[in-house]
Amino acid sequence: MKQFFSVADVANLPDIVDEALRLKNNPFVYGQLGTHKTLGLVFLNPSLRTRLSTQKAAANLGMNVMVMNMDKDGWALETRDGIAMNGTTVEHIREAAAVMGQYCDVLGIRSFPKLQDREADYSEDLFQKFIAYSGVPVVSLESATRHPLQSLTDLITIRENWHQSRKPKVVMAWAPHVKALPQAVPNSFAEWMCRAQGEGMAEFTIAHPPGYTLSEQFTHGATITHVLDDALADADFVYVKNWSSYEDYGKIHPVSGQWMLNHSRLALTNQAKIMHCLPVRRDVELASEVLDSPHSIVIQQAGNRVWAAQAVLKRMLEQLSVDK
Ligand SMILES: NCCC[C@H](NC(=O)CCC(=O)O)C(=O)O
Ligand SMILES: NC(=O)OP(=O)(O)O
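Since we're looking at a predicted model, the values are computed, not measured.

In this section: the sheet that holds strand β7 (residues 138-140). As summarised here, the arrangement of the five strands in space is β1-β7-β6-β2-β3, forming an open sheet in which the pairing is parallel. Unpaired on one side and paired on the other, β1 (3-4) and β3 (64-69) mark the two borders of the sheet. Sheet analysis places strand β6 (residues 106-110) next to β7, joined by three bridges and oriented parallel. Looking across to β7, one finds that G108 is bridged to V139. On the sheet, helix α4 (residues 93-103) packs against β2 (38-43), β3 and β6 and is oriented at approximately 140° with respect to β6.

Before going further, it helps to spend a moment on the packing of aromatic side chains. Inspection of every chain in the model, using the stated rule, returns ten aromatic pairs. Cluster of aromatic residues (ring-pair linked, three or more members): Y122, F218, Y246 and Y249. Note that R118 overlies the ring of Y246, its terminal NZ or CZ placed 3.9 Å from the centroid. In this structure, K314 is placed above the aromatic ring of Y30, and the distance from its NZ or CZ to the ring centre is 4.6 Å.

Below, the discussion takes up the pattern of salt bridges. Tallying each qualifying case throughout the model produces 17 salt bridges. The salt bridge partner of D18 is R159, with a shortest N-O separation of 2.6 Å. In this pair, D18 is assigned in helix α1 (residues 13-25) and R159 in helix α7 (residues 148-160), connecting sequence segments 141 residues apart. Between R110 and E142 there is a salt bridge, with the nearest N and O atoms lying 3.4 Å from each other. In this pair, R110 is assigned in strand β6 and E142 in the loop between β7 and α7, connecting sequence segments 32 residues apart. Classification of E142 as buried rests on a relative accessible area of 8%. Look at the salt bridges and you will find they share partners, linking E19, K314, R315 and E318 into a network.

In this section: unusual backbone geometry. Of the consecutive residues L278 and P279, the connecting peptide bond is found in the cis state with omega at 5°. Looking at the element boundaries, P279 is found in the loop between β12 (273-275) and α12 (288-291). Here L115, not a glycine, exhibits a phi torsion of approximately 60°, which is positive. Here L115 shows up in the loop between β6 and α5 (118-122). For L115, a relative accessible area of 15% puts it in the buried group. Of note in the backbone geometry, Q271 takes a positive phi value of approximately 50° without being a glycine. Along the chain, Q271 turns up in the loop between α11 (263-266) and β12. Its relative accessible area of 60% is what places Q271 among the exposed residues.

A separate point is the environment of T50. Tracing the backbone shows T50 in helix α2 (residues 49-60). Residue T50 is classed as buried on the basis of its relative accessible area of 2%. Sequence separation of T50 and R110 is 60 residues, and the distance between their C-alpha atoms is 9.1 Å. If we ignore the near neighbours within four places in the chain, the residues touching T50 are F43, R110, L141, H147 and R305. For T50, the side chain forms a polar contact with the side chain of R305, separated by 2.8 Å.

Okay, the side chain of K169 next. One can find K169 in strand β8 (residues 169-174). D234 is the oppositely charged side chain nearest to the buried, salt-bridge-free K169, at an N-O distance of 6.1 Å. A distance of 2.8 Å separates the side chain of K169 from the backbone oxygen of A233, its partner in a polar contact. Those residues within four positions of K169 in sequence are excluded, and the remaining contacts are E203, T205, D230, A231, A233, D234, A235, D236 and F237.

Rules behind the numbers
- Residues numbered from 1 in each chain as written.
- Chains lettered and ligands numbered in written order.
- Predicted model: local features only at pLDDT ≥ 70, side-chain atom pairs only at ≥ 80, totals over all residues.
- Heavy atoms only, no water.
- Pairing = 2+ DSSP bridges.
- Helix = DSSP H or I, 4+ residues; strand = E, 2+ residues; numbered from the N terminus.
- Contact = heavy atoms within 4.5 Å.
- Axes fitted to C-alpha atoms, helices over the stretch in contact; angles between N-to-C directions.
- Phe/Tyr/Trp six-rings, centres within 6.5 Å; stacked < 30°, edge-to-face > 60°.
- Lys NZ or Arg CZ within 6 Å of the ring centre and 35° of its normal.
- Salt bridge = Lys/Arg side-chain N within 4 Å of Asp/Glu carboxyl O.
- Buried < 20%, exposed > 50% of the residue type's maximum accessible area, 1.4 Å probe, protein only.
- Polar contact = N/O pair within 3.5 Å; in protein donor to acceptor, adjacent residues only side chain to side chain.
- Lys, Arg positive; Asp, Glu negative; His and termini not counted.

Here it is in structure tokens:
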């Protein structure tokens, strides 16, 4: 594996899920694989889970890790070509990424969308330039349009919590929020679940209010409804997430009806397990009574971030030794 940006970078979905679960049972079995290899984690936005779980995964593989909070500690980064840098930006991504590639064998980068210009965000310009100029394998720590380490984690967590022979019904339910959030997490979850559905691993439904349709490139094959209660009927897993509008890009539209999942809504489901990538705003996105109930698997889900990251880094390290 030379990059981890989308589900398309995974050749065999069941294989990587199985491998992550084997690593969970036996975390240190590849403890020498990363000896004398350095992982650089570059953050242009805040993070708790991604930062700590990826560091821990790398440590389990014997790697050294360096973390750079580029937004706070780095020089202001320029990504545009063909302009004189006579303003506030100090260092061009051409040099910055290339220099980090000199110090690191694998790089991870987190870069959220600005939510102002859809075409610019969805071009993934910064991420693609980072890959192009760093010259080393790059793993997404959440880009403008996707969060693949989260989505792999989500698949692992569903697998761990499903013991029946029929396919689980997985519902991604839009939830309210006070500010405009990226579509990266829901795009990515949809992209991974549509692939899983295509491979007979699940049935996937998305429920959102009118005006919150995601780009079809991520949701192709999913059942989509504007009626939350219809979606919740017989659901085995409910993945709660807010996102801002893709159509009226980055905007929040007023919604009618009650979209926050609470106990009475939960009663419509098949005793569903409740998932959220976190951080979650209690009693805005999701009722505390649900978060604090045995239905919630959000902490287990966050814990599984380690094994997703470890499975991905392991594959990148194996590729490095092939390319050597
Ligand atoms: N990495 C996980 C989610 C990150 C981001 N959430 C946030 O920015 C929450 C901010 C707040 O609640 O103010 C998102 O939804 O894409
Ligand atoms: N779920 C997730 O990516 O969390 P952080 O933003 O804290 O890394």
